[in-house]
Amino acid sequence: MGKVNRTLPVAVLVALGGLIFFLRLHTYDEPLERDVTTYAVVAHEILSGKALYNDVWDHKPPAVHLTYAAAELTAGYGRDAIFLLSVAAAIATMVACYFAGKACGGGALGGLVAAALWTFASGDLALEGNQPNTEVFLNAFLTAGFAVLLHAPAEGLGWRRAMCAGLLFAIASLYKQIVVAQIALLLVLWLASRQAGVRKGAILDLVLIGAIGAVAWALMFGYFAARGDIGAFIEAVFTYNRWYSGGVWGNLSQAAHWPPVSADVLDVLIPMATLSLAGVVAGLGLGARRHWVLLLTFVVATHFAVVLPGRFFPHYYQLWLPPLAIGASWTVALMKQALPASLRALSYVTAAVTCAVLLLLEIPYYRLPAEGWSVKKYGTIFIEADRLAAKLDRLLPAGATLYEWGNEPGFYFNTRREPASGLVFAYPMQAGPLAMKLSARVLKDLHHSMPELIISSNAAFSYTRGHPVVRWLGDNYRPRWRTNSFVVMARKGGAFDYGPPLAIN
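Residues numbered from 1 in each chain as written. Predicted model: local features only at pLDDT ≥ 70, side-chain atom pairs only at ≥ 80, totals over all residues. Heavy atoms only, no water.

## Description of the environment of Phe425
And then number 1: Assignment of secondary structure puts Phe425 in the loop between α19 (410–415) and α20 (427–430).
And then number 2: Spatially, the C-alpha atoms of Phe425 and Ser253 are 30 Å apart, while their sequence positions differ by 172 residues.
And then number 3: Those residues within four positions of Phe425 in sequence are excluded, and the remaining contacts are Thr38, Trp57, Asp58, His59, Gly406, Asn407 and Pro409. (Helix = DSSP H or I, 4+ residues; strand = E, 2+ residues; numbered from the N terminus. Contact = heavy atoms within 4.5 Å.)

See below:
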């Protein structure tokens, strides 16, 4: 019996990992959204010798680009690398949920319920969870760090666990620096939950965790300073992001309001949130109060992490999934402990019903083809961009470059062509504190390379009439072909400036 108890969790986790693989495989061919293709293109340019922030630009800290670069080195430049990241991040978070679910008296039941709930919900269409945006990596590292805190003995973490938690949290902050506030709140409440007699050791644990985070960021600053790119790094990651996020206090004021997203985004969260809330109420009176307080802190900190950026994109709400899956699993375990023997089966029924509700919400999505997922999430923009990219790739000679004045780096990803400028999306040139500086940079790049074709999204072109880049394009290129969302412009006097328009739709 003991052997079964040891092997059953492993077998279930392997089965859940296999399910994640096949669920992500269903949308392998879905057109990739713009954040994912940005990371992939930037990572490819870095591997080609370009300097991040200086030669090729993005406003995220470097961890996501290094992760995509590692995936490209492993699986090549293309969809295989994207698929690898999606599956690996989801399985890593599933394992972290399992270990977190085992805490608070959850045991194997709590761990498996948390892992199962995560598995069923993590690829949700409305949450855009099936593609590897930044949140999938944050979930893996933050949940693993949370699990380390949960399994700390009463006397504290000790230096090994503290180093592990410090590394996990430091890496998470290098994906998105806004989570530093989330981590800090979690650690402060963890310290407050320690008994007075052992608090000195816990303080030393937190000092070590903080020191690891500080060293990680110091090394990053030192690296860019040594390369001579420190100014570009600070402008991209701090100056631009301060403008992008807006006022912190104004963003925090949104925390008390109902989330400004569609009901579809919240549907998958509500079953786990309901069960978690019931568990928190009961657990603070009946369970291991210290663990429930820490979970409640994780939930509150996650809420702040979602609202602090000042934007309410659906994929931000993926951060809710691990704490809610863990809370629901603890509730099931608490029911098993608190109910009389004759009623303990209700805990298993509760777990089964919650899983069934999630499956009923998710199964209809998997009846859609991969392109149907893209339409449901974003409309037809990425489908249209993929098809146009394929046609332009066949049209252009080998080695020819192109440039898109817009925000769809998928044109470079799908054609495997080097962008004519390291500014692969137009948002930072359309508005913000770096708009004129970055516009001058892209004009210099375009004047030097003079690509045969320029693609512009209709939205970007109409939004930026009078922009210096648009004026330059008007002087040097003429519109040749149009689709519903894009206009393709040929260089005046170039190879595509003559003859009847090409049927591009």
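## Focus: the pairing of strand β2 (residues 453–457)
Looking along a regular strand, one sees the side chains alternate between the two faces of the sheet.
And then number 1: By the criterion of burial, β2 is predominantly enclosed, with five of the five residues buried.
And then number 2: Here β2 shows two buried faces, one formed by Leu453, Ile455 and Ser457 and the other by Ile454 and Ser456.
And then number 3: In this sheet, β2 lies alongside strand β1 (residues 402–405) in parallel orientation, the contact comprising four bridges. Pairing of Leu402 across the sheet is with Leu453, part of β2.
And then number 4: Judged from the five bridges that link them, β2 and strand β4 (residues 486–491) form a sheet pairing that is antiparallel. (Buried < 20%, exposed > 50% of the residue type's maximum accessible area, 1.4 Å probe, protein only. Pairing = 2+ DSSP bridges.)

## Structural notes on the pattern of salt bridges
And then number 1: Counted under the stated rule, the structure contains 11 salt bridges.
And then number 2: In this structure, Arg227 and Asp229 form a salt bridge, with 3.3 Å as the shortest nitrogen-oxygen distance.
And then number 3: Here Arg227 falls in the partly exposed class, since its relative accessible area comes to 42%.
And then number 4: One network of salt bridges, with partners in common, ties together Glu45, Lys50 and Glu418. (Salt bridge = Lys/Arg side-chain N within 4 Å of Asp/Glu carboxyl O.)

## Comments concerning a nonpolar patch on the surface
And then number 1: A contiguous nonpolar patch, built from Leu343, Leu346, Val349, Val353 and Val357 and spanning about 370 Å² of accessible area, is present on the exposed surface.
And then number 2: For Leu346, the position within the fold is in helix α16 (residues 345–362). (Patch = residues over 30% accessible without salt bridge, like charges linked within 9 Å, V, L, I, M, F, W, Y side chains within 5 Å. Areas by Shrake-Rupley, 256 points an atom, 1.4 Å probe, with all protein chains shown as cover.)

## Let's talk about the packing of aromatic side chains
And then number 1: Scanning all chains against the criterion turns up 32 aromatic pairs.
And then number 2: Judged by centre distance (5.6 Å) and plane angle (65 degrees), the rings of Tyr28 and Phe83 are edge-to-face. Here Tyr28 is found in the loop between α1 (2–26) and α2 (34–47), whereas its partner Phe83 is found in helix α4 (residues 79–102), with 55 residues between them in sequence.
And then number 3: The partly exposed category is assigned to Tyr28, whose relative accessible area is 24%.
And then number 4: Considering the side-chain rings of Tyr53 and Phe233, the 5.5 Å spacing of their centres and the 55 degrees angle between planes classify their relative orientation as tilted. (Phe/Tyr/Trp six-rings, centres within 6.5 Å; stacked < 30°, edge-to-face > 60°.)

## Looking at the side chain of Thr297
And then number 1: If you trace the backbone, Thr297 turns up in helix α14 (residues 289–307).
And then number 2: Using a relative accessible area of 8% as the deciding quantity, one classes Thr297 as buried.
And then number 3: Of the polar contacts made by the side chain of Thr297, one reaches the backbone oxygen of Val293; its length is 2.8 Å.
And then number 4: In contact with Thr297, other than residues within four places in its own chain, are Leu185, Leu186 and Leu189. (Polar contact = N/O pair within 3.5 Å; in protein donor to acceptor, adjacent residues only side chain to side chain.)

## A look at unusual backbone geometry
And then number 1: Even without being glycine, Tyr53 reaches a positive phi, approximately 75 degrees.
And then number 2: Classification of Tyr53 as buried rests on a relative accessible area of 0%.

## Brief notes about the sheet that holds strand β3 (residues 477–482)
Strand pairing within a sheet occurs via backbone hydrogen bonds; the two strands may be parallel or antiparallel.
And then number 1: Pairing in this open sheet of four strands is mixed, and the strands run β1-β2-β4-β3 from one edge to the other. Only two strands of the sheet have a single neighbouring strand rather than two, namely β1 and β3. Within this sheet the neighbouring strands show an average axis-to-axis angle of 30 degrees, counted without direction. (Axes fitted to C-alpha atoms, helices over the stretch in contact; angles between N-to-C directions.)

## Concerning the state of the cysteines
And then number 1: Using the criterion set out here, one finds zero disulfides in the structure.
And then number 2: Free cysteine: Cys97, not disulfide-bonded; nearest cysteine sulfur from Cys355 at 12 Å.
And then number 3: Take Cys164: it sits in no disulfide, and the sulfur closest to it among the cysteines is that of Cys97, at 16 Å. (Disulfide = S-S within 2.5 Å.)

## Notes on the environment of Leu423
And then number 1: Here Leu423 lies in the loop between α19 and α20.
And then number 2: Sequence separation between Leu423 and Asp55 is 368 residues; the distance between their C-alpha atoms is 8.3 Å.
And then number 3: Filtering out sequence-adjacent residues up to four positions away, Leu423 remains in contact with Trp57, Tyr403, Met429, Leu438, Arg441 and Val442.

## Digging into the side chain of Ser457
And then number 1: Within the secondary structure, Ser457 is located in strand β2.
And then number 2: Accessibility expressed as a relative area gives 8% for Ser457, which makes it buried.
And then number 3: Sequence-distant contacts of Ser457, defined by excluding residues within four places in its chain, comprise Glu404, Trp405, Gly406, Ser485 and Phe486.

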